[in-house]
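An overview of the molecular structure
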Amino acid sequence: MKMMQMNIKSIDEIREEMLDTVTVSKSDIFRISEQCRQDYDNITNELASIKQVMVKLNEEGTQLEELVKAARHKLSEVSMNFKKYSEEEVREAYEKAHQLQMDLSINLQYKKQLLEKRDELERRLNSIHQTIERAEQLISQISVVMNYLQSDLKQFGEAFETAKAKQDLGLKVIEAQEEERKRLSRDIHDGPAQMLANVIVRSDLVERVYRERGGDEALAEIQSFKKMVRSALYEVRRIIYDLRPMALDDLGLVPTLRKYLRTIEEYHNNSSIEFENIGQERRLPAKYEVALFRLIQESVQNSLKHANACQIKVKLEITNTTVNVLIKDNGIGFDTSKKKEGSFGMIGMRERAELLEGKITFDSKIGKGTSVHIQVPLSS
């Protein structure tokens, strides 16, 4: 009983660590969003002030144009009737016309500078607005991940406690399960958490690139930013699938497998995953659906990650008495007689099948691909 409590505590600690990591990432993105909102308000106020100054400059410019026109007329009159005016009057007419022309030039130059400043601020406002929208989307996506971590992973821990009470899986199985959870924790820390942290740097970089290098390079930086966000979203979705797909409870094993394998194929463009159901498409008891899904999921992931397979076939057959599954790939294969040091993947899969009183076999040769056959009897 003490051993079981220690393992459950370990799972809870891992769950809390993942929640802390995601929470910190959410807080960082929220701070980015709030800073962008503050910058947005400041620029909006500055833009309003510029527009007010431009209104005054336009009025002054109109008045100066009238005065310059009158001064030129006066200067023309003095020039034509030079003898009628004193030297002082002539000099005063020239100086007044020159001063008014200078004032008008300064007015026009100031208006030009303000127009350029206004255009720059409007572009910055648009860029900041887009950053705020992206930050809000990321916060929403992280909230979904947190909900899964707070609910589904907790249920997973409870299911593990029940399974532990029923049967002692042995030290190797415990080690294999702990390795899976550590890997999941590392995936979250090294994947979405790191990518989300980069959002802070990249959002500042986009604005700086736009100011210093222009719109084309800033646009290229934004495209790179979008790719990074898509990668973070993919990692989050993958982790959610690893925890427990909701469709498994709602739709059952066959529809969930179709959706899962189609999703995995979409994110691995160079791989083809074919799924065929040749048996009955019906619901199974929850423990069968979860265990079979995990076995198929791990087999497919092994084909993609370790065997470098580009073609995978999954065949499922559900009869009244048994469930048969065949996962076949064209990967690099391996020597089944040699055990890899520190690897418990095959052991864990065998133990999972044996919990259902079934069996799993591995047929593989180096350079010839791998076939995994799962057979589980259905109790009455």
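Since this is a predicted model, take the numbers as computed values, not measurements. (Residues numbered from 1 in each chain as written. Predicted model: local features only at pLDDT ≥ 70, side-chain atom pairs only at ≥ 80, totals over all residues. Heavy atoms only, no water.)

1. Some details on the side chain of Ser299
Among the secondary structure elements, Ser299 is positioned in helix α7 (residues 286-305). Of note is the side chain of Ser299, whose polar atom sits 2.9 Å from the backbone oxygen of Leu295. (Helix = DSSP H or I, 4+ residues; strand = E, 2+ residues; numbered from the N terminus. Polar contact = N/O pair within 3.5 Å; in protein donor to acceptor, adjacent residues only side chain to side chain.)

2. Topic: the sheet that holds strand β3 (residues 322-329)
Taking strand neighbours across the sheet as the criterion, the 5 strands line up as β1-β2-β3-β5-β4 in an open arrangement whose pairing is mixed. The open sheet terminates on both sides in strands that have one partner only, identified here as β1 (272-277) and β4 (359-364). Strand-to-strand twist of the sheet, defined as the mean angle between neighbouring strand axes without regard to direction, takes the value 10 degrees. With 8 bridges connecting them, β3 and strand β5 (residues 370-377) associate as antiparallel partners. In the strand pairing of β5, Lys328 is matched with Ser371. Strand contacts of helix α6 (residues 253-267): β1 and β2 (311-318), with the helix running at about 170 degrees to β1, the strand carrying the most contacts. (Pairing = 2+ DSSP bridges. Axes fitted to C-alpha atoms, helices over the stretch in contact; angles between N-to-C directions. Contact = heavy atoms within 4.5 Å.)

3. A few points about the pairing of β1
Here β1 shows a buried face lined by Ile273, Phe275 and Asn277 and an unburied face lined by Ser272, Glu274 and Glu276. Relative to β2, β1 runs parallel, the two being bridged by 6 bridges. For Glu276, the partnering residue across the bridge sits in β2 and is Lys315. Handedness of the crossover joining β1 and β2 through α7: left-handed. (Buried < 20%, exposed > 50% of the residue type's maximum accessible area, 1.4 Å probe, protein only. Right-handed = clockwise from strand over helix to strand, strands pointing away.)

4. Some details on the pairing of β3
Two strands pair when backbone bridges link them, and β2 and β3 are joined in this way by 7 bridges, in the antiparallel orientation. Across the sheet, the residue bridging to Leu316 is Val325, located in β3. Between β2 and the antiparallel strand that follows it, β3, lie 3 residues.

5. Things to note about the nonpolar core
Val300, Leu316, Ile327 and Ile374 are the most contacted members of the largest nonpolar core, which totals 35 residues. At the level of secondary structure, the elements contributing two or more residues to this core comprise α6, β1, α7, β2, β3, α8 (345-355), β4 and β5. The greatest single-element share of this core, amounting to 8 residues, is contributed by α7. With sequence-adjacent residues up to four places away left out, Ile327 is seen in contact with Ile296, Ser299, Val300, Ile312, Lys313, Val314, Thr370, Ser371, Val372 and Ile374. (Core = buried A, V, L, I, M, F, W, Y, C linked by side-chain atoms within 4.5 Å.)

6. Focus on the pattern of salt bridges
Within the structure shown, the criterion is met by 9 salt bridges. Residue Arg91 is joined to Glu88 by a salt bridge in which the shortest nitrogen-to-oxygen separation is 2.0 Å. Of this pair, Arg91 and Glu88 both sit in helix α2 (residues 87-166), 3 residues apart, which is roughly one turn of the helix. For Glu88, a relative accessible area of 44% corresponds to the partly exposed category. Residue Arg258 is joined to Glu281 by a salt bridge in which the shortest nitrogen-to-oxygen separation is 3.2 Å. Of this pair, Arg258 sits in helix α6 while Glu281 is found in the loop between β1 and α7, placing the two residues 23 residues apart along the sequence. (Salt bridge = Lys/Arg side-chain N within 4 Å of Asp/Glu carboxyl O.)

7. Let's talk about the confidence of the model for the protein chain
Residue-level pLDDT values for the protein chain average 79, and 79% of them are 70 or greater. Per-residue pLDDT stays below 50 along residues 1-6; that stretch engages in 4 contacts with residues further than four places along the chain or on separate chains. (pLDDT = per-residue confidence, 0-100.)

8. Quick look at the packing of α6 against α7
Two numbers describe how α6 lies on α7: the axes approach to 11 Å, and their chain directions differ by 20 degrees. Between α6 and α7, the angle falls in the class roughly parallel. Crossing handedness for the pair α6 and α7: right-handed. For the pair formed by α6 and α7, the contact residues are Leu253, Thr256, Leu257, Tyr260, Leu261 and Ile264 on the first element and Glu289, Leu292, Phe293, Ile296, Gln297, Val300, Gln301 and Leu304 on the second. By residue class, the composition of the contact of α6 with α7 is 10 nonpolar, 3 polar and 1 charged. (Parallel < 35°, antiparallel > 145°, perpendicular 65-115°, else oblique. Left-handed = near helix turned anticlockwise from the far one by under 90°. Nonpolar A, V, L, I, M, F, W, Y, C, P; charged D, E, K, R; others polar.)

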